[in-house]
Amino acid sequence: MDFNMKKLASDAGVFFTRAVQFTEEKFGQAEKTELDAHFENLLARADCTKNWTEKILRQTEVLLQPNPSARVEEFLYEKLDRKVPSRVTNGELLAQYMIEAANDFGPNSPYGKTLIKVGETERRLGGAERDFIHSASINFLSPLRNFLEGDWRTISKERRILQNRRLDLDACKARLKKAKAAEAKAAAEHELRMAQTEFDRQAEVTRLLLEGISSTHVNHLRCLHEFAEAQATYYAQCYQYMLDLQKQLGSSRGEMLPGTFVGNAESTSPPSATASPTTIAAGAATGPAVPIIPVVPTVIGAPNSAPAVEALNPSDVKPPASGTRKARVLYDYEASDSTELSLLSDEMITVYSLPGMDPDWLIGERGNQKGKVPVTYLELLS
């Protein structure tokens, strides 16, 4: 192998000179050329941008893929320039299990039908999650990575060159101060002029790159808007899917659960006035036991008084001889029409149910005021 010994010796000499200059600066034995305040601000702004971009990138990756093993696998595929294999989302996997269980239990049984309905919704939720992850990866994560792996690497490289040019410049200044003979001074002055020219040129190149951070912020701002829009779309889809599922389950609840018992448990937020009693009962498993009021079951296909109760003026309703209860209001509730009773948090009212009445509602009395009240807003007392 052919070595250029002169170039090797010259490079070694330059490296040694820079090392000496750097060491003397650290010990305060040599002067250091300072950059202007504007340049220092640009450097600080660039470092701040790089640090926060890294943190936002990493945490967004955690948000989109909470599994650290899966993130490492995706990283390796990306570094090997290979396509990341398609991965089933948790929602899609849950949907698969539910549908397979429904087939085993009997797809025409009440439980099997519900499993299929919920499973199909979970599949749609999983698909929406997949679309959101794909959109966020392309429109948000990729630009952040491109900055760190492209623009920032270029800035870092030019900053290192600028640092070397500054060390060369300061070393030339030190040699000029030490020069005694006229010939040595002339040579030192010539080297200083060349070093100053190289330093100024490199400083201008670095300055332009640092000022480009403003354009980076504008680009990342646009990407951030797209990320927020994608996330809003994702959550709106999930909300609509769950509303559709709630309607499906609500329409078939009377068919699958002809006899329903109503109860409620402690909650940290106001539930929907149309929340399913089965949901409330499920929450009671983790809360204190609360007495329940039995509701007279409605026989499908047989005449009942449900329509009459809905159309009945609450002021004409008389409480039954037995079955009235005291209830504490958990949350404020504003009546939607004249048949309902508005509620204030922590007040006490008397409640009771009527045959054929919607199990999600009770008749509430406060003094001379009567009206329907949502059972999920009440704590029934013994």
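If you're wondering where the values come from, they're calculated on a predicted model, not measured in any experiment. (Residues numbered from 1 in each chain as written. Predicted model: local features only at pLDDT ≥ 70, side-chain atom pairs only at ≥ 80, totals over all residues. Heavy atoms only, no water.)

Asks: Describe the pattern of salt bridges, listing the residues and the values that go with them.
Replies: Opposite charge on two side chains allows them to pair when their charged atoms are near. Under the definition given, this model contains 16 salt bridges. A salt bridge links Arg207 to Asp36; its shortest N-O distance comes to 3.2 Å. Of this pair, Arg207 sits in helix 6 (residues 182-211) while Asp36 sits in the loop between helix 1 (5-26) and helix 2 (37-64), placing them 171 residues apart in sequence. Take Asp36: its relative accessible area is 37%, and that puts it in the partly exposed class. The closest approach of N and O atoms between Glu54 and Lys50, which form a salt bridge, is 3.4 Å. Note that Glu54 and Lys50 are positioned in helix 2 at a spacing of 4 residues, about one turn of the helix. According to the relative accessible area criterion, Glu54 is partly exposed, its value standing at 29%. In the salt-bridge network here, residues are joined through shared partners; they are Arg58, Glu61 and Arg145. (Salt bridge = Lys/Arg side-chain N within 4 Å of Asp/Glu carboxyl O. Helix = DSSP H or I, 4+ residues; strand = E, 2+ residues; numbered from the N terminus. Buried < 20%, exposed > 50% of the residue type's maximum accessible area, 1.4 Å probe, protein only.)

Asks: A description of the sheet that holds strand 7 (residues 378-380) should follow, citing residues and the corresponding values.
Replies: Pairing in this open sheet of 5 strands is antiparallel, and the strands run 6-5-4-3-7 from one edge to the other. Both outer strands of the open sheet, strand 6 (369-374) and strand 7, are each paired with one neighbouring strand and no more. Across the sheet, the mean angle separating the axes of adjacent strands is 40° when strand polarity is ignored. The pairing of strand 4 (residues 348-352) with strand 5 (residues 361-366) spans 3 bridges and is classified as antiparallel. Following the sheet pairing, Thr350 is matched in strand 5 by Glu365. (Pairing = 2+ DSSP bridges. Axes fitted to C-alpha atoms, helices over the stretch in contact; angles between N-to-C directions.)

Asks: I'd like a rundown of helix 2, residues and numbers included.
Replies: For helix 2, with 28 residues, the first-to-last C-alpha span of 40 Å sits near the 40 Å given by 1.5 Å per residue. Phe39, Leu42, Leu43, Ala46, Thr49, Thr53, Leu57, Thr60, Glu61 and Leu64 are the residues of helix 2 that are buried. Capping the start of helix 2 is the job of one residue whose side-chain oxygen sits 3.1 Å from the backbone nitrogen of His38: Asp36. (Expected span 1.5 Å × (residues − 1). Polar contact = N/O pair within 3.5 Å; in protein donor to acceptor, adjacent residues only side chain to side chain.)

Asks: Just give me the short version of the pairing of strand 5, but keep the residues and values in it.
Replies: When you tally the buried positions in strand 5, you get 5 out of 6 residues, the bulk of the element. Where strand 5 and strand 6 come together, 6 bridges link them in antiparallel fashion. Across the sheet, Trp361 pairs through a bridge with Pro374, a residue of strand 6. Adjacent in sequence and paired antiparallel, strand 5 and strand 6 are bridged by 2 residues, among which Gly367 carries a positive phi angle near 65°.

Asks: I'd like to hear about the environment of Ala174, residue by residue, with values.
Replies: As for its placement among the helices and strands, Ala174 is situated in helix 5 (residues 110-178). In this structure the C-alpha to C-alpha distance between Ala174 and Gln21, which are 153 residues apart in sequence, comes to 8.9 Å.

Asks: Describe a nonpolar patch on the surface, naming the residues involved and giving the relevant values.
Replies: A grouping of Val88, Leu93 and Tyr97 is seen on the molecular surface, where their side chains present a nonpolar patch of about 280 Å² in accessible area. Following the sequence through the fold, Tyr97 ends up in helix 4 (residues 90-105). (Patch = residues over 30% accessible without salt bridge, like charges linked within 9 Å, V, L, I, M, F, W, Y side chains within 5 Å. Areas by Shrake-Rupley, 256 points an atom, 1.4 Å probe, with all protein chains shown as cover.)

Asks: Outline the environment of Asp47, supporting the account with residue identities and numerical values.
Replies: If you trace the backbone, Asp47 turns up in helix 2. The class for Asp47 is partly exposed, based on a relative accessible area of 28%. Considered as a pair, Asp47 and Leu210 are 163 residues apart in the sequence and their alpha carbons are 9.9 Å apart. Beyond its immediate chain neighbours, meaning those up to four positions away, Asp47 contacts Trp152 and Arg159. Of note is the side chain of Asp47, whose polar atom sits 2.7 Å from the side chain of Arg159. (Contact = heavy atoms within 4.5 Å.)

Asks: Just give me the short version of the packing of aromatic side chains, but keep the residues and values in it.
Replies: What describes a pair of aromatic rings is the distance from one ring centre to the other and the angle between the planes of the rings. Applying the stated criterion across every chain, the model contains 9 aromatic pairs. The interplanar angle of 50° and the centroid separation of 6.4 Å between the aromatic rings of Phe147 and Trp152 together place this pair among those described as tilted. Note on accessibility: Phe147 and Trp152 belong to one class, buried. Where Tyr333 meets Trp361, the ring centres are 6.4 Å apart and the plane angle is 70°; that geometry is what we call edge-to-face. With Tyr333 in the loop between strand 3 (325-329) and strand 4 and Trp361 in strand 5, the pair connects residues that are 28 residues apart, well separated along the chain. A relative accessible area of 11% means that Trp361 is categorised as buried. (Phe/Tyr/Trp six-rings, centres within 6.5 Å; stacked < 30°, edge-to-face > 60°.)

Asks: Let's hear about the nonpolar core: which residues, and what values?
Replies: If you look at the biggest cluster of nonpolar residues, it comprises 32 residues, and the most contacted ones within it are Phe39, Phe132, Phe140 and Leu210. Those elements giving two or more residues to this core turn out to be helix 2, helix 5, helix 6 and helix 7 (213-256). Counting residues per element, this core draws most heavily on helix 5, at 14 residues. Filtering out sequence-adjacent residues up to four positions away, Leu210 remains in contact with Phe39, Leu42, Leu43, Ala46 and Ile155. Counting 20 residues, the second-largest nonpolar core is a separate cluster that includes Leu341, Val351, Met357 and Leu380. (Core = buried A, V, L, I, M, F, W, Y, C linked by side-chain atoms within 4.5 Å.)

Asks: Could you give an account of the confidence of the model for the chain, naming the residues involved and the relevant values?
Replies: For the chain, the average pLDDT comes to 81, and 76% of its residues sit at 70 or higher. Within the chain, the element-level pLDDT minimum falls on strand 1 (residues 261-262), averaging 40, and the maximum on helix 2, averaging 95. A low-confidence stretch, residues 256-268 stays under pLDDT 50, and its non-local contacts, those more than four residues away or across chains, total 33 contacts. Note on residues 275-311: pLDDT under 50 across the span, and 50 contacts to partners over four residues away in sequence or across chains. (pLDDT = per-residue confidence, 0-100.)

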